[in-house]
Amino acid sequence: MKCPTLILLLWAGLLGACQKPNPRRPINKKQQLFLNQSAQRNKARIAVEQELFEQIRKAEPEMVYQNSNKGFWYAMVEKANVTTPLPQKGQEVVLSYRIEDLNKNVLYDEKSLGNVRFLVDQEDYLPALREAAKVLRVGQKAVFLFPSYLCYGYQGDFEKIGSNQPLRFTIKLLSLTKITS
């Protein structure tokens, strides 16, 4: 009696093993909902910031703003020799800059910020400065309209720059040095 029962159990086990496993479903569907809602809020914020930039560009027809593929706009204020190369990865740049809100109220001037020095695409600096350095030649000065995600993001700077605040930077590339290894 025990042998047929054992064979029957083994046979049932083999048949059960041939079935496809049921896929696991996410345990926390609320997290996915939160991420989707967060993405939608960020897209809406970016659209609002781009609309603000459009209004500024219309209010300043004397400035010829160019759009970058990173989501910021810039207009050259002081031109430089076009034969001067653009900064490349690993080169050291020195910048002076001023930060204003979109209404041109100065938040930080050049004197209080001082010059900043960093290696292009190799140091973790404010994304706005890293991206601006790549479009300037030595001696060029430009006005940049940066979305909040390239500036201080959702935190601000806990002093003068608020949460999710798009900013206006005026940046001048003072020098470019090729670093030798």
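About the criteria used
- The written sequence of each chain sets the order in which its residues are numbered from 1.
- For a predicted model such as this one, the threshold for reporting local features is a pLDDT of at least 70, and the threshold for listing and counting side-chain atom pairs is 80 or more; totals across whole chains, interfaces and linings nevertheless cover every residue.
- The basis for every side-chain value is the complete set of heavy atoms in the structure, and neither hydrogens nor water enter the calculation.
- Helix and strand definitions follow DSSP, with helices as H or I runs of at least four residues and strands as E runs of at least two, each counted in order from the N terminus.
- Partly exposed describes any residue whose relative accessible area lies between the buried limit of under 20% and the exposed limit of over 50%, with all areas from a 1.4 Å probe on protein chains only and scaled to the type maximum.
- The criterion used for residue contact is that any of the two residues' heavy atoms lie within 4.5 Å.
- With residues, only the protein chains shown are counted as cover, and all accessible areas are computed by Shrake-Rupley using a 1.4 Å probe.
- In this scheme Phe, Tyr and Trp rings, the latter by its six-membered ring, pair at centre separations within 6.5 Å, and the angle between planes marks the pair as stacked below 30 degrees, edge-to-face above 60, and tilted otherwise.
- For this analysis, a salt bridge means a side-chain nitrogen from Lys or Arg found within 4 Å of a carboxyl oxygen belonging to Asp or Glu.
- Residues grouped as a nonpolar core are buried Ala, Val, Leu, Ile, Met, Phe, Trp, Tyr and Cys residues, joined through side-chain atoms within 4.5 Å.
- At least two bridges found by DSSP between two strands are what make those strands a pair.

(A) Structural context of the overall build of the chain. From N to C terminus, the chain includes four helices and seven strands. In the chain, the succession of helices and strands from N to C terminus is α-α-β-β-β-β-α-β-α-β-β. For the chain, buried positions account for 35% of its 181 residues. Counting only contacts in the chain whose residues sit at least 6 apart along the sequence, the fraction spanning at least 24 positions is 67%. Element-wise, carbon and sulfur atoms account for 55% of the exposed surface of the chain, whose accessible area totals about 12,200 Å².

(B) Structural detail: the packing of aromatic side chains. In total, this model carries eight aromatic pairs according to the counting rule given. Measuring from centroid to centroid gives 6.0 Å for tyrosine 97 and phenylalanine 169, while their planes differ by 10°, and the two rings are stacked. Of this pair, tyrosine 97 sits in strand S3 (residues 92-100) while phenylalanine 169 sits in strand S7 (residues 167-177), placing them 72 residues apart in sequence. Here the two residues tyrosine 97 and phenylalanine 169 agree in accessibility, since each one is buried. Taken together, a centroid distance of 5.3 Å and an interplanar angle of 0° make the contact between phenylalanine 144 and phenylalanine 146 stacked.

(C) The pattern of salt bridges, seen in detail. Under the counting rule described, the total for this entry stands at eleven salt bridges. The closest approach of N and O atoms between arginine 57 and glutamate 54, which form a salt bridge, is 2.4 Å. Of this pair, arginine 57 and glutamate 54 both sit in helix H2 (residues 29-59), three residues apart, which is roughly one turn of the helix. Note on arginine 57: relative accessible area 19%, which makes it buried. Here lysine 104 makes a salt bridge to glutamate 60, at a shortest N to O gap of 2.9 Å. In this pair, lysine 104 sits in the loop between S3 and strand S4 (106-108) while glutamate 60 sits in the loop between H2 and strand S1 (66-67), placing the two residues 44 residues apart along the sequence.

(D) Summary view of the nonpolar core. Ranked by size, the top nonpolar core spans 28 residues in total, and within it Leu95, Ile99, Leu129, Phe144, Phe146, Phe169 and Ile171 carry the most contacts. Of all the elements in the fold, those that place two or more residues in this core are strand S2 (73-78), S3, S4, strand S5 (116-119), helix H4 (127-133), strand S6 (141-146) and S7. The residues contacting leucine 129, other than those within four sequence positions of it, are Leu95, Tyr97, Val116, Phe118, Phe169 and Ile171.

(E) Local environment of the environment of valine 143. Structurally, the position occupied by valine 143 is in strand S6. Valine 143 sits 66 residues away from valine 77 along the chain, and the two C-alpha atoms are 6.8 Å apart. For valine 143, the residues in contact, after removing those within four places along its chain, are Met63, Tyr65, Trp73, Tyr74, Ala75, Val77, Arg168, Phe169 and Thr170.

(F) Representation of the environment of isoleucine 56. With respect to the helices, strands and loops of the structure, isoleucine 56 is situated in helix H2. For isoleucine 56 and leucine 102, which are 46 residues apart along the polypeptide, the C-alpha to C-alpha distance reads 8.0 Å. Other than its neighbours up to four places away in sequence, isoleucine 56 contacts Tyr65, Leu102, Leu145 and Arg168.

(G) Local environment of the pairing of S3. Within S3, eight of the nine residues are buried, which leaves it mostly tucked inside the rest of the structure. Bridge count for S3 against S5 is four bridges, and the pairing is antiparallel. Bridge pairing links glutamate 92 to leucine 119 in S5. With nine bridges joining them, S3 and S7 adopt antiparallel strand pairing. Across the sheet, the residue bridging to tyrosine 97 is isoleucine 171, located in S7.

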